[in-house]
Amino acid sequence: QVQLVESGGGLVQAGGSLRLSCAASGRTFSRYAMGWFRQAPGKERDFVAGIDWSGASKYYADSVKGRFTISRDNAKNTVYLQVNSLKPEDTAVYSCAAGSRPVVGPQGPWAYWGQGTQVTVSS
């Protein structure tokens, strides 16, 4: 089993920044890809960003390119999402996911999910 716990969400004004964290436990974190997703009220969950096992390969949804940065620290079993230049449409619950393999695309397969952290951006 894998446990994923997100933190770092909150209420921020448009244009502001946050740093989301996802701490993993339960298996060898460094062997697997990690990703961030978000779900706004009444909408489907969308892929936001992904990173391979080594941190060398990163990929983003078009809507966040240039504003969001994913990174990981395998020594700390943690993946991060730096979110800058926030917009009201970024308001959502942000969740991290662990892939089933060292490298996965946005479609996965994603094997484990955290509970999420709320990000609210006011205009």
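These figures come from a predicted structure and were not determined experimentally.

Here we look at the sheet that holds strand 1 (residues 3-7)
And step 1. If you walk across this open sheet you meet the 4 strands as 1-3-8-7, and the pairing is antiparallel. A strand with exactly one partner marks an edge of an open sheet, and here the two such strands are strand 1 and strand 7 (68-73). Strand-to-strand twist of the sheet, defined as the mean angle between neighbouring strand axes without regard to direction, takes the value 15°.
And step 2. With 6 bridges connecting them, strand 7 and strand 8 (residues 78-83) associate as antiparallel partners. In the strand pairing of strand 8, threonine 69 is matched with glutamine 82.

Here we look at the state of the cysteines
And step 1. Under the criterion given, the structure shown has 1 disulfide.
And step 2. Bridging cysteine 22 to cysteine 96, the disulfide has an S-S length of 1.9 Å. The sign of the S-S torsion, about 50°, decides the handedness of the disulfide formed by cysteine 22 and cysteine 96: right-handed. Taken as a pair, cysteine 22 in strand 3 (residues 18-25) and cysteine 96 in strand 9 (residues 92-99) lie far apart in primary sequence, 74 residues in all.

Regarding the pairing of strand 9
And step 1. Judged by how many residues are buried, strand 9 sits mostly within the fold: 7 of 8 residues are covered.
And step 2. Direction of pairing for strand 4 (residues 34-39) relative to strand 9: antiparallel, over a ladder of 6 bridges. Bridge assignment links methionine 34 to a residue of strand 9, and that residue is alanine 98.
And step 3. With 3 bridges joining them, strand 9 and strand 11 (residues 117-122) adopt antiparallel strand pairing. If you follow alanine 92 over to strand 11, its bridge partner there is valine 119.
And step 4. Judged from the 3 bridges that link them, strand 9 and strand 10 (residues 110-113) form a sheet pairing that is antiparallel. Within the sheet, the bridge partner assigned to alanine 97 lies in strand 10 and is tryptophan 113.

Observations concerning the packing of aromatic side chains
The description of an aromatic ring pair uses the distance of the two centres, along with the angle that the planes make with each other.
And step 1. Applying the stated criterion across every chain, the model contains 4 aromatic pairs.
And step 2. Summarising the aromatic geometry, the rings of phenylalanine 37 and tryptophan 110 are spaced 5.4 Å apart at their centres and angled 85° between planes, so their arrangement reads as edge-to-face. You can see phenylalanine 37 sitting in strand 4 and its partner tryptophan 110 sitting in strand 10, a full 73 residues away along the chain.
And step 3. By relative accessible area, tryptophan 110 is classed as buried at 13%.

Quick notes on the rules
- Residues numbered from 1 in each chain as written.
- Predicted model: local features only at pLDDT ≥ 70, side-chain atom pairs only at ≥ 80, totals over all residues.
- Heavy atoms only, no water.
- Pairing = 2+ DSSP bridges.
- Helix = DSSP H or I, 4+ residues; strand = E, 2+ residues; numbered from the N terminus.
- Axes fitted to C-alpha atoms, helices over the stretch in contact; angles between N-to-C directions.
- Disulfide = S-S within 2.5 Å.
- Buried < 20%, exposed > 50% of the residue type's maximum accessible area, 1.4 Å probe, protein only.
- Phe/Tyr/Trp six-rings, centres within 6.5 Å; stacked < 30°, edge-to-face > 60°.

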